[in-house]
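Below, each chain spelled out in residue letters.
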Amino acid sequence: MTQPNDLLPEGLEDRLPGAARRITDAMSNCLTVLAGHGYDRVLPPLLEFESSLASRMRGVETGRTFRMTDPASLRTLALRSDITPQIGRIASTSLAAAPRPLRLAYCGDTVTIKASQLDPARERLQLGGELIGADSVAAAGEIVAVAIEALADAGVTGLSVDFTLPDLVDTLAERDTSLSPDTIEAIRRELDTKDAGGLKSVGGSAYLPLLYATGPFADALSKLRAFDSDGVLASRLDGLEAIAARIGDTARITLDPTERHGFEYQSWFGFTLYGEGLRHALGRGGTYRIAGSEEPATGFTLYLDRVAQGAPEPAADETLYLPLGHDADVAQQYRSQGWRTVAQLSENEDPVALGCTHILDAGAPMALEQRP
Ligand SMILES: N[C@@H](Cc1c[nH]c[nH+]1)C(=O)O
């Protein structure tokens, strides 16, 4: 019976066998793709000094991380809410001397204090790859392509990728010396909420076309090129076009140049991944600089629980029931051929209820429903 103490806090849940299986299958498919592209797995710890997690990425909100005092060092520790800053720390410390570009893969749990209104989950199983030493178009093209391949190999269909330019307003504001920092901040806020009326009233009418340069990639890009009459964005837009060409028809591409939500530390390029019929984003990525070392990098992170929801139902396993007194060597032979086995522990078990499809009978599997 469920006792009050057995309840889990809001936003945290057990993943039971069916869900856990889908998640681990998706995990192993995605990790195989990353390894195949030369990304070496690292395993950073679940918690570390808060100051180190916060200082490697500008814009990381420590207000959303679980913190506690370490009884041993009396310093503040934080539970990671994102693994990318940890990879940044590793790249600038233990692997500072490793040859560049450095390709690292990771997979592990992250937690946040506050869930978003749209998705109450506070624990996220992140899996990703970071390409350290480059934030070029070539690096971004590789990262988006590997992310799409990983999702496709996990079985997600109808993939789409939404491009954004996280530092767009900063870039445009640099040339617009007439605007005060307060006005620029107000413009950024109104663009975030995509409020055309608000944008006009804070003096940002010139930025209105940005709100309409969204949607299917080719169309949105040409609107953005028309807006960029003085060519401040030209190299970025050429970059987006080259990345889109690399993706080809492996995913549908859209552009939402003012989208900054979820891109706290990304620089010129950001992207969000979606799968058909799945409400939430499956992952995000982009270019950034590791604070401290100022090294450029590009990476992506997939949120595996969501990815697993888009993966096909795993085929039901053929499971062989091993009656009491069975020959262990024979059972081992069947396992090595790929059978899953369930060994009888006591009399009066019901093999079908235990998920078995076959029983070991005279040294060979016999379908349970065919049994007299
Ligand atoms: N870790 C980021 C995505 C990212 C990885 N690398 C660069 N950006 C996130 O989960 O939102």
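Not measured: the values here are computed from a predicted model.

Caption draft 1: Structural detail: the overall build of the protein chain. Helix and strand counts for the protein chain stand at 12 helices and 16 strands. Projected onto its principal axes, the C-alpha positions of the protein chain cover 85 × 55 × 45 Å. Here the protein chain holds 372 residues, and 47% of them are scored as buried. Restricting the contact set of the protein chain to residue pairs at least 6 apart, pairs at least 24 apart contribute 67%. As displayed, the protein chain has an accessible area near 18,600 Å², and 52% of this comes from carbon and sulfur atoms. Across the protein chain, the 34 positively charged side chains and the 52 negatively charged ones have centroids separated by 5 Å.

Caption draft 2: Structural view of helix α1 (residues 17-36). Counted at 1.5 Å a residue, the expected span for α1 with its 20 residues is 28 Å, and the 28 Å between its end C-alpha atoms agrees. The set of residues buried in α1 consists of Arg22, Ile23, Ala26, Met27, Cys30, Leu31, Val33 and Leu34. Projection of α1 onto a plane perpendicular to its axis shows the buried side chains occupying an angular sector of 160 degrees, all on one side. Opposite the packed face of α1, turned more than 90 degrees from it, sit the exposed residues Pro17, Thr32 and Gly36.

Caption draft 3: Spatial organisation of the sheet that holds strand β2 (residues 47-49). Pairing within the open sheet is antiparallel, and its 3 strands lie in the order β2-β4-β3. Among the strands making up the open sheet, the edge pair consists of β2 and β3 (67-69). The average angle at which neighbouring strand axes cross in this sheet is 35 degrees, direction not considered.

Caption draft 4: Representation of the confidence of the model for the protein chain. On average, residues of the protein chain score 94 in pLDDT, and 99% of them are at 70 or above. Both scores are given for the predicted complex: the pTM is 0.94, the ipTM 0.99.

Caption draft 5: Geometry of a nonpolar patch on the surface. Judged by side-chain polarity, Leu46, Leu47, Phe66, Met68 and Ile113 come together as a nonpolar surface patch covering roughly 370 Å² of accessible area. Along the polypeptide, Leu47 turns up in strand β2. Taking the relative accessible area as the measure of exposure, Leu47 reaches 33% and is therefore partly exposed.

Basis of the calculations
Residues numbered from 1 in each chain as written. Predicted model: local features only at pLDDT ≥ 70, side-chain atom pairs only at ≥ 80, totals over all residues. Heavy atoms only, no water. Helix = DSSP H or I, 4+ residues; strand = E, 2+ residues; numbered from the N terminus. Buried < 20%, exposed > 50% of the residue type's maximum accessible area, 1.4 Å probe, protein only. Contact = heavy atoms within 4.5 Å. Areas by Shrake-Rupley, 256 points an atom, 1.4 Å probe, with all protein chains shown as cover. Lys, Arg positive; Asp, Glu negative; His and termini not counted. Charge placed at Lys NZ, Arg CZ, Asp CG, Glu CD. Expected span 1.5 Å × (residues − 1). Arc of directions from axis to C-beta. Pairing = 2+ DSSP bridges. Axes fitted to C-alpha atoms, helices over the stretch in contact; angles between N-to-C directions. pLDDT = per-residue confidence, 0-100. Patch = residues over 30% accessible without salt bridge, like charges linked within 9 Å, V, L, I, M, F, W, Y side chains within 5 Å. Salt bridge = Lys/Arg side-chain N within 4 Å of Asp/Glu carboxyl O.

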